[in-house]
Amino acid sequence: MENNSNRSHFWPSYVDLMTSLFVIMLVLFVLSYLNFNRIETELRANAEQMARIRQIDSALKKLDRRYFRLDPVNNRYQLMIDVNFAPNSADIRTLRADQLRQLREAGQALFGKMQDLAKDPNINYILVVEGHAEIVLWHGKPNSELDPNRGYQLSYSRALALKNFWQQSGYGFNGLHNCEILIVGSGYFGKSRDRSERNNRRFTIQIAPKFKI
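What comes next is a walk through the structure. All of these numbers come straight from a predicted model, not from anything done at the bench.

Describing the overall build of the protein chain
Secondary structure assignment for the protein chain yields 4 helices and 7 strands. Beginning at the N terminus, the succession of helices and strands in the protein chain can be written as α-β-β-α-β-β-β-α-α-β-β. Here the protein chain, with 213 residues, has 34% of them falling under the buried criterion. For the protein chain, long-range pairs separated by at least 24 residues make up 77% of all intrachain contacts whose partners lie at least 6 apart in sequence. For the protein chain, the exposed surface amounts to about 13,700 Å²; the carbon and sulfur share of it is 56%.

Here it is in structure tokens:
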């Protein structure tokens, strides 16, 4: 009788145990399936973003080469126009007429490219206009050591002057619904400096896409 009693308790317990294990395995399977689906969706979205970034890079490489040159190391564009501001001045009106004409044409080319890119409503853009300052000797010492803050102030003011010049010429980048323009002054420093200090009078342009989530 005792053996029969033990057997009668064993099978219901065994069934309960197997049922519990089945439920646990089913839950784990569902969670794994959902997790794999999420990962697959993220990978697909990342692949689509990478493909779009390549398209954007390809489009930007078609910027007018008379005015823009890609810096492949820092992934930004140098505005290949010598801008001879008066010493310690950010007054863009002091530039020669031919320089102003070239800056205006460069702004027109850049604005047209940003208009094309802005047609995609799923991407926002950050357009960075970066000014630089030339290092020169002053009483035997480089100005970058004598007054580094002055370089930041001057390069920022010059970049702002260029942005305002483009805007007054009819190229208001802020008017593009998904384009944000940032003004930056890297002074006597920065990533895209040229070995020839004379070339560091130029501006640098960066365009960074931001995908909407």
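More follows now that the structure is in view.
Remarks on the sheet that holds strand β7 (residues 203-211)
Here 5 strands make up an open sheet; going across it, the order is β1-β2-β7-β3-β6 and the pairing mixed. For this open sheet the edge positions go to β1 (68-71) and β6 (179-185), each flanked by a neighbour on one side alone. When the angles between neighbouring strand axes are averaged without regard to direction, this sheet yields 25°. Both strand β3 (residues 123-131) and β6 contribute to a ladder of 7 bridges, which runs parallel. Counterpart to Y125 in the pairing with β6 is C179. Helix α4 (residues 148-168) rests against β2 (76-79), β3, β6 and β7 of the sheet, and its axis sits at about 145° to β6.

Concerning the environment of L110
Along the chain, the position of L110 falls in helix α2 (residues 97-117). Sequence spacing of L110 and L60 is 50 residues, and the spatial spacing of their C-alpha atoms is 9.2 Å. Setting aside anything within four residues of it in sequence, one finds L110 in contact with L63, F68, L127, W166, F173, I205 and I207.

A closer look at the nonpolar core
The biggest cluster of nonpolar side chains holds 36 residues, and the ones touching the most others in it are L79, L110, W166 and F173. Going through the elements one at a time, β2, α2, β3, α4, β6 and β7 are the ones with two or more residues in this core. Of the residues forming this core, the biggest block, 7 residues, is contributed by α2. Residues within four places of W166 in sequence aside, it is in contact with L79, L103, R104, A106, G107, L110, V129, Y171, F173 and I205.

A look at α4
Here α4 is 21 residues long and its end C-alpha atoms lie 31 Å apart, about the 30 Å a rise of 1.5 Å per residue gives. Where α4 is concerned, the buried positions are G151, L154, S155, R158, A159, A161, L162, K163, F165 and W166. Those residues of α4 that are buried lie in contact with β2, α2, β3, β6 and β7. Downstream of α4 by one or two residues, G170 has phi in the positive range, about 100°.

Calculation notes
Residues numbered from 1 in each chain as written. Predicted model: local features only at pLDDT ≥ 70, side-chain atom pairs only at ≥ 80, totals over all residues. Heavy atoms only, no water. Helix = DSSP H or I, 4+ residues; strand = E, 2+ residues; numbered from the N terminus. Buried < 20%, exposed > 50% of the residue type's maximum accessible area, 1.4 Å probe, protein only. Contact = heavy atoms within 4.5 Å. Areas by Shrake-Rupley, 256 points an atom, 1.4 Å probe, with all protein chains shown as cover. Pairing = 2+ DSSP bridges. Axes fitted to C-alpha atoms, helices over the stretch in contact; angles between N-to-C directions. Core = buried A, V, L, I, M, F, W, Y, C linked by side-chain atoms within 4.5 Å. Expected span 1.5 Å × (residues − 1).

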